[in-house]
Amino acid sequence: LLHIGRNLDKDRAKRVVMRVDGLWFNKLDKATDKKNKTIKKYMAKSDGIVYQGKFCKQAYRDFFGEKFINSKPNVCIINGANPNEFLPRNPQNFFFAYANWRPHKRLECIEKSFAYAVEHGLDADLIVAGKKSKKKTISRIKYVGWIDHDHIRKYLSECIAVINLAWLDWQPNVTAEALISNTPVLVVNSGGSAEIVGDSGMIIEEKDSSHW
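This report concerns the structure included in the present document. For clarity, every value in this text was computed on a predicted model and none was experimentally measured.

Side note on the overall build of the chain
Thinking step 1. Helix and strand content of the chain: seven helices and ten strands.
Thinking step 2. Along the first, second and third principal axes, the C-alpha atoms of the chain reach 55 × 40 × 30 Å.
Thinking step 3. Of all 212 residues assigned to the chain, the portion counted as buried reaches 43%.
Thinking step 4. Relative to all contacts within the chain whose residues are 6 or more apart in sequence, the contacts with residues 24 or more apart total 59%.
Thinking step 5. Carbon and sulfur atoms make up 53% of the accessible area of the chain, which totals about 12,600 Å².
Thinking step 6. Looking at the chain, you have 34 positive and 24 negative side-chain charges, and the mean spots of the two groups are 8 Å apart.

This is the structure we're talking about:
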């Protein structure tokens, strides 16, 4: 049985494997410790663990300890997508950023960085997809809101590169989809994106990524 930590007691098998997402580490969320204890409880009930990547596994090791992590078989399987679903590359003159915009996805950082680049000579546009809290008017940035997968695939095929500056993101689907669609991607060296980008994009060093 492969599960993600829900309703495990209702469906048992000879072997139970848990695929874990990221841990909770938002200090503003008072329920953080409780949520992480629930994850650990379901991990303890499982015979094996699937992590999203090396960064994800290291985070669990830091939070729960080496002994607990090594107490059962585990493997890292990165997020993916079907290559056949994407369109051939046909780059136009724009960059693309899309996400479920929460603070750690750093939309404002992307906006300010892109505006700075335009002010210093970059001749390109930025298309931003996904719901955002408030609308800004920034030169050469176009907001398209929530879009379906067909539109995402079209933008991926036509953009110069995807911009994904998410901080401490475990293994962003945005990065995986960009790589699988043969689209270059700009990421930061914190989190799980850097371990899979390699030469297929640009890895930007965080000012300080030495601690959580």
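Describing the pairing of strand β3 (residues 48-51)
Thinking step 1. Side chains Gly48 and Val50 project from β3 onto one buried face, and the interleaved Ile49 and Tyr51 project onto a second face that is buried too.
Thinking step 2. Here three bridges tie strand β2 (residues 17-19) to β3, and the two strands are oriented parallel to one another. The residue of β3 that forms the bridge with Met18 is Ile49.
Thinking step 3. Bridge count for β3 against strand β4 (residues 74-76) is three bridges, and the pairing is parallel. In the strand pairing of β4, Ile49 is matched with Asn74.

Some remarks on the sheet that holds β3
Thinking step 1. Taken together, the four strands give an open sheet; going across it, the order is β1-β2-β3-β4, and neighbouring strands pair in parallel fashion. The sheet is open, and its two borders are formed by β1 (2-3) and β4, each paired with just one other strand.
Thinking step 2. Its contacts with the sheet put helix α1 (residues 32-44) on β1, β2 and β3, and the angle it makes with β2 is roughly 150°.

Focus on the packing of aromatic side chains
Thinking step 1. Under the criterion given, the structure shown has eight aromatic pairs.
Thinking step 2. A centroid spacing of 6.0 Å and a plane angle of 70° characterise the contact between Phe95 and Phe114, whose relative ring orientation is edge-to-face. With Phe95 in strand β5 (residues 94-98) and Phe114 in helix α4 (residues 107-119), this residue pair connects regions lying 19 residues apart in the sequence.
Thinking step 3. Aromatic side chains Phe96 and Tyr98 sit 4.8 Å apart centroid to centroid with 15° between the ring planes, which places their arrangement in the stacked category. Each member of the pair, Phe96 together with Tyr98, is buried.
Thinking step 4. Against the face of Trp24 rests Lys35, its NZ or CZ located 3.8 Å from the ring centre.

Re helix α6 (residues 173-180)
Thinking step 1. Of all eight residues in α6, six are buried; the element is thus mostly enclosed.
Thinking step 2. Along α6, the residues classified as buried are Val174, Thr175, Ala176, Glu177, Ala178 and Leu179.
Thinking step 3. The inward-facing, buried residues of α6 contact β5, α5 (149-158), β8 (162-163), β9 (185-188) and α7 (194-197).
Thinking step 4. Within two residues after α6, Asn182 carries a phi angle of roughly 65°, on the positive side.

Quick word on the pattern of salt bridges
Two side chains with opposite charge may pair up if their charged atoms get near one another.
Thinking step 1. One pass over the structure, following the stated rule, counts ten salt bridges.
Thinking step 2. The closest approach of N and O atoms between Arg19 and Asp21, which form a salt bridge, is 2.3 Å.
Thinking step 3. Among the salt bridges present, the one from Asp125 reaches Arg140, with a minimum N-O distance of 2.8 Å. With Asp125 in strand β6 (residues 125-129) and Arg140 in the loop between β6 and β7 (141-145), this residue pair connects regions lying 15 residues apart in the sequence.
Thinking step 4. Take Arg140: its relative accessible area is 30%, and that puts it in the partly exposed class.
Thinking step 5. Linked through salt bridges whose partners overlap, the residues forming this network are Glu85, Asp150 and Arg153.

Let's talk about the nonpolar core
Thinking step 1. Counting 19 residues, the largest nonpolar core has Met18, Val20, Met43, Tyr51, Tyr60, Phe64 and Ile69 as the members making the most contacts within it.
Thinking step 2. Among the elements of the structure, α1, β3, α2 (54-64) and α3 (66-69) are those that each provide at least two residues to this core.
Thinking step 3. Ranked by the residues each element gives to this core, the list is headed by α2, at five residues.
Thinking step 4. Once residues lying within four places of it in the same chain are set aside, the contact partners of Tyr51 are Val20, Met43, Cys56, Lys57, Tyr60, Ile69, Asn74, Val75, Cys76 and Ile77.
Thinking step 5. Core analysis: the next-biggest nonpolar cluster, separate from the first, contains 18 residues, Val162, Leu179, Val187 and Val197 among them.

Rules behind the numbers
- Residues numbered from 1 in each chain as written.
- Predicted model: local features only at pLDDT ≥ 70, side-chain atom pairs only at ≥ 80, totals over all residues.
- Heavy atoms only, no water.
- Helix = DSSP H or I, 4+ residues; strand = E, 2+ residues; numbered from the N terminus.
- Buried < 20%, exposed > 50% of the residue type's maximum accessible area, 1.4 Å probe, protein only.
- Contact = heavy atoms within 4.5 Å.
- Areas by Shrake-Rupley, 256 points an atom, 1.4 Å probe, with all protein chains shown as cover.
- Lys, Arg positive; Asp, Glu negative; His and termini not counted.
- Charge placed at Lys NZ, Arg CZ, Asp CG, Glu CD.
- Pairing = 2+ DSSP bridges.
- Axes fitted to C-alpha atoms, helices over the stretch in contact; angles between N-to-C directions.
- Phe/Tyr/Trp six-rings, centres within 6.5 Å; stacked < 30°, edge-to-face > 60°.
- Lys NZ or Arg CZ within 6 Å of the ring centre and 35° of its normal.
- Salt bridge = Lys/Arg side-chain N within 4 Å of Asp/Glu carboxyl O.
- Core = buried A, V, L, I, M, F, W, Y, C linked by side-chain atoms within 4.5 Å.

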